Amino acid sequence: MKEMLTIAMPKGRIFLEAVELLRGAGYELPPEFDDSRKLIIEVEEEKFQFILAKPMDVPTYVEHGVADLGIAGKDVMLEEERDVYELLDLKISGCYLAVAGLPDKKMNDVAPKVATKYPHLAAAYFREQGEQVEIIKLNGSIELAPIIGLSDRIVDIVSTGQTLKENGLVEYEKITDITSRLIVNPVSYRMKDARISELVSRLSKVVNPA
Ligand code: PRP
């Protein structure tokens, strides 16, 4: 009998793309899956259990082994630095991380402030640039910070660029490209090797068609 695989999925915009990818790989996920408000969904026929988590928390569930696998953005992986393996670049939810701010505005010479949802990642980036900054952690609507005078710069995700544009901000530097990754708990990877390898192989064919 096939063993159950628990997969932590990010709620929100990545979720639907990830579900489509799994369907493309031949897994039968029921239609009501798409607009359910349930946080745990079992698909008995495929022996999958899905946990719907906040994107930033996906690696936490996987590291602790309550989920065997997870789908997490590279941004979250860089910020969280969890003890998990990255198995596959799913090439969905493409976007990038950038430094942005008000146009023609130099950074303050003394302790410039950078607002972000990614404090570790942003701190590491500015350290590498040899710039000393004060990081201000926010949980969303990051674009507000420079407009309202809370920070000189922001480090945030840019997808279409619409949010920056509509708020009169410009991009100063691109930090790195981001896509979603399939991640695994190291112990699950050993214990459920056959099922996980099959999933990776089926997904790979969809993600990287020959
Ligand atoms: C993300 C990100 C930007 C926006 C970028 O925010 O933090 O604000 O999307 O997308 P765009 O380039 O297509 O405009 P999200 O919608 O996740 O909400 P948040 O601001 O609450 O984090």
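Refer to the structure printed above.
Residues numbered from 1 in each chain as written. Predicted model: local features only at pLDDT ≥ 70, side-chain atom pairs only at ≥ 80, totals over all residues. Heavy atoms only, no water.

Description of the pattern of salt bridges
- Using the criterion set out here, one finds 10 salt bridges in the structure.
- Between Lys192 and Asp68 there is a salt bridge, with its nearest N and O atoms 3.0 Å apart. Pair noted here: Lys192 is in the loop between helix H7 (186-191) and helix H8 (193-207) and Asp68 is in the loop between helix H2 (58-63) and strand S4 (69-73), with a separation of 124 residues, a long-range link.
- The class for Asp68 is buried, based on a relative accessible area of 6%.
- Three or more residues are tied together by salt bridges with common partners; here these are Lys74, Glu86, Asp89 and Arg181. (Salt bridge = Lys/Arg side-chain N within 4 Å of Asp/Glu carboxyl O. Helix = DSSP H or I, 4+ residues; strand = E, 2+ residues; numbered from the N terminus. Buried < 20%, exposed > 50% of the residue type's maximum accessible area, 1.4 Å probe, protein only.)

Quick word on the sheet that holds strand S6 (residues 95-101)
- The strand order S8-S7-S9-S6-S10 describes an open sheet built from 5 strands, whose pairing is mixed. Here the strands that pair on one side only, and so sit at the sheet edges, are strand S8 (134-137) and strand S10 (170-178). Neighbour-to-neighbour, the strand axes of the sheet open up by a mean angle of 25°, direction not taken into account.
- Examined bridge by bridge, S6 and strand S9 (residues 153-158) share 5 bridges and lie antiparallel to one another. When the bridges of S9 are listed, Leu97 appears paired with Ile157. (Pairing = 2+ DSSP bridges. Axes fitted to C-alpha atoms, helices over the stretch in contact; angles between N-to-C directions.)

Here we look at the site of the ligand
- By nearness alone, 13 residues border the ligand, and Lys117, Glu143, Thr160, Gly161 and Thr163 come closest of all.
- In this structure, an oxygen atom belonging to the ligand sits 2.8 Å away from a side-chain N or O atom of Asp156.
- Within the side chain of Thr160, a nitrogen or oxygen atom sits 2.5 Å from an oxygen atom of the ligand.
- Across the complex, the protein chains shield 72% of the 500 Å² of accessible surface that the ligand would expose by itself. (Near = heavy atom within 4 Å. Polar contact = N/O pair within 3.5 Å; in protein donor to acceptor, adjacent residues only side chain to side chain. Areas by Shrake-Rupley, 256 points an atom, 1.4 Å probe, with all protein chains shown as cover.)

Looking at unusual backbone geometry
- Of note, the phi angle at Ser93 is positive, near 55°, even though the residue is not glycine.
- Looking at where Ser93 falls in the secondary structure, it is placed in the loop between strand S5 (85-89) and S6.

Notes on the pairing of strand S11 (residues 180-184)
- Within S11, 5 of the 5 residues are buried, leaving the element largely enclosed by the surrounding structure.
- Neither face of S11 is left uncovered, since the one carrying Ser180, Leu182 and Val184 and the one carrying Arg181 and Ile183 both have all their residues buried.
- As judged from the 5 bridges shared by S4 and S11, these two strands associate in the antiparallel manner. Bridging across to S11, Gly70 finds its partner in Ile183.
- As paired strands, S5 and S11 are joined by 4 bridges and run antiparallel to one another. Within S11, the position partnered with Leu88 by the bridge is Leu182.

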